[in-house]
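Per-entry structural report
Here are the chains, one letter per residue:
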Amino acid sequence: MTVEAEAQFHVLAVDDSLIDRKLIERLLKTSSYQVTTVESGSKALELLGFREGQSNTASVSPNQHEIEVNLVITDYCMPGMTGYDLLKKIKGSSSLKDIPVVIMSSENVPSRISRCLEGGAEEFFLKPVQLSDLKRLRPHILKGKSNCKEQKQEQQQQENNNNNDSSSTSSCSDNQSNKRKAMDEGLSPERTRPRFSSDSLTVV
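Residue numbers run consecutively from 1 along every chain, following the written order of its sequence. With the structure being a predicted model, the display of local features is reserved for residues of pLDDT at least 70 and the display and counting of side-chain atom pairs for 80 or more, all residues being used for whole-chain, interface and lining totals. The side-chain values count all of the structure's non-hydrogen atoms but skip hydrogen atoms and water molecules.

Looking now at the packing of helix α3 (residues 41-48) against helix α4 (residues 83-91). Packed helices, taken two at a time, are described by their axes: the angle between them and the distance between them. Convention adopted: a line fitted to C-alpha atoms gives each axis, helices being fitted over their contacting stretch, and angles between N-to-C directions are expressed from 0 to 180 degrees. Each helix is a run of H or I in the DSSP string that is no shorter than four residues. Each strand is a run of E no shorter than two, and both are numbered from the N terminus. Closest axis-to-axis distance for the α3/α4 pair is 10 Å, and the angle between their directions is 20 degrees. Relative to α4, α3 is oriented roughly parallel. At the point where α3 passes α4, the crossing takes the right-handed sense. Mapping the contact onto sequence places Gly-41, Ala-44, Leu-45 and Leu-48 in α3 and Leu-86, Lys-89 and Ile-90 in α4. Each residue belonging to the contact of α3 with α4 can be placed in one class, and the counts come to 5 nonpolar, 1 polar and 1 charged. Angle categories: roughly parallel below 35 degrees, roughly antiparallel above 145, roughly perpendicular from 65 to 115, and oblique for all the rest. Left-handed describes a crossing whose near helix is turned anticlockwise from the far helix by less than a right angle; the clockwise case is right-handed. Residues count as neighbours in contact if any of their non-hydrogen atoms are within 4.5 Å of one another. In this classification, Asp, Glu, Lys and Arg are treated as charged, Ala, Val, Leu, Ile, Met, Phe, Trp, Tyr, Cys and Pro as nonpolar, and every other residue, Gly included, as polar.

This is how it looks when you write it as C-alpha cells:
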C-alpha cells in the first residue's frame with residue numbers, strides 16, 4: 001500500500017549530465033516514484049508552466065501546468081541557470097512555492113549548502129546520491145501537498161468571504177434602518193411619557 005501511495009508522487013529531476021540524470025531516474029523509480037527528467041532549469045520551469053517573462057511573484061494558473069510535480073530535485077552546477085537560480089524562481093512564484101526543492105552537488109561547499117537551505121531548499125544531497133538519501137524525500141512531499149491543500153482552502157475561503165461581503169453589507173444597512181426605526185419609535189410622544197401614570201400614584 002505504501003508503494004502504491006509513493007507511485008502517485010511525481011518527481012522532476014533536473015541535471016545537465018545525462019549519466020547523473022539516468023542514475024537519479026533509476027534510483028527514484030526503484031523507490032516507486034514517477035519520474036520526469038530534464039537537462040536544464042529553464043526546461044524545468046517550462047514544464048512547470050512558469051514563463052521567463054513573468055515576475056518572481058507571478059502566479060501560475062494550474063491549467064498551465066503540463067504535469068503535476070510533487071517535488072523537484074536539481075543539480076547545483078548547471079550552465080545557464082544554476083540549481084540555486086531554479087530554487088529562487090520556484091520559491092518566488094505564488095503558485096509553485098509549495099513544491100519542495102532538493103539540491104544535489106558533487107562539491108561539499110558549506111557556504112553553498114547554507115545558501116540553498118536558507119533559500120528554501122528542503123535538503124542538500126552530495127553526489128553520488130544514494131538510495132538512503134531518497135528515503136528522506138517522502139516527508140517533504142507530504143508536507144508540500146499539505147501546504148498546497150491549505151493554500152487552496154484559504155483561497156476558497158477568501159472567495160466565499162468576498163461573496164458574503166455584499167450580502168453582509170445589505171444586512172448591515174437593514175439592521176441600521178431597523179435601529180433607526182426603533183429609535184424614532186422610542187422618541188414618539190407616547191414613549192416619552194413617564195412609566196407610571198398619575199392614577200397609579202394616587203393614594204386611596
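We now examine the sheet that holds strand β5 (residues 123-126). Note on pairing: two strands pair once DSSP finds at least 2 bridges between them. Pairing is parallel in the open sheet, where 5 strands are placed in the order β2-β1-β3-β4-β5. In this open sheet, the two strands that pair with only one neighbour each are β2 (34-38) and β5. Each strand axis lies, on average, 20 degrees off the axis of its neighbour in the sheet, ignoring direction. Sheet analysis places strand β1 (residues 10-14) next to strand β3 (residues 71-75), joined by 4 bridges and oriented parallel. Residue pairing in the sheet places Val-14 in a bridge with Thr-74 of β3. Across the sheet, α3 is in contact with β1, β2 and β3; its angle to β1 comes to roughly 155 degrees.

All right, on to the pairing of β5 then. The pairing of strand β4 (residues 101-105) with β5 spans 4 bridges and is classified as parallel. Across the sheet, Val-102 pairs through a bridge with Glu-123, a residue of β5. Looking down the strands as they point away from the viewer, one classifies a crossover as right-handed if the path from the first strand across the helix to the second runs clockwise. For the crossover that starts at β4, traverses helix α5 (residues 110-118) and ends in the parallel β5, the hand is right-handed.

Glancing now at the pattern of salt bridges. Salt bridges are counted wherever a side-chain nitrogen of Lys or Arg sits within 4 Å of a carboxyl oxygen of Asp or Glu. A complete count under the given rule lists 7 salt bridges for this structure. Put simply, Glu-107 and Arg-112 hold a salt bridge, and the shortest N to O gap is 3.1 Å. Buried, partly exposed and exposed residues are distinguished by accessible area as a fraction of the type maximum, computed with a 1.4 Å probe on protein chains only: under 20%, between the cut-offs, and over 50%, respectively. We classify Glu-107 as partly exposed; its relative accessible area is 38%. With a relative accessible area of 15%, Arg-112 lands in the buried category. Here Asp-133 ties to Arg-136 by a salt bridge, and the two come within 3.3 Å at their closest N and O atoms. According to the relative accessible area criterion, Asp-133 is buried, its value standing at 13%. Take Arg-136: its relative accessible area is 37%, and that puts it in the partly exposed class. Each of the salt bridges in this network shares a partner with another, and the network as a whole consists of Asp-15, Asp-20, Asp-75 and Lys-127.

Let's shift gears to the nonpolar core. Grouping buried Ala, Val, Leu, Ile, Met, Phe, Trp, Tyr and Cys residues that are joined through side-chain atoms within 4.5 Å yields what is termed a nonpolar core. Within the largest apolar cluster, 25 residues are counted, with the highest numbers of intra-cluster contacts made by Leu-12, Val-14, Leu-48, Val-72, Leu-86, Ile-90 and Ile-103. In this structure, Ile-90 is in contact with Leu-45, Leu-48, Val-72, Leu-96, Lys-97, Ile-99 and Val-101, ignoring residues within four places of it in sequence. Grouped together as the second largest cluster of nonpolar side chains are 17 residues, Phe-9, Phe-125, Leu-134 and Leu-137 included.

Turning to the environment of Gly-144, a few remarks are in order. Note on placement: Gly-144 falls in helix α7 (residues 137-186). What makes Gly-144 buried here is its relative accessible area of 6%.

Below, the discussion takes up α3. Restricting attention to buried positions, one finds in α3 the residues Gly-41, Ala-44, Leu-45, Leu-47 and Leu-48. Buried residues of α3, seen end-on, are gathered within an arc of 160 degrees and therefore sit on one face of the element. In this structure, the buried side of α3 is in contact with β1, β2, β3 and α4. Just downstream of α3 lies Gly-49, where phi reads positive at about 95 degrees. Comment: arc refers to directions from the helix axis out to C-beta atoms.

Read these as geometric descriptors, not functional statements.
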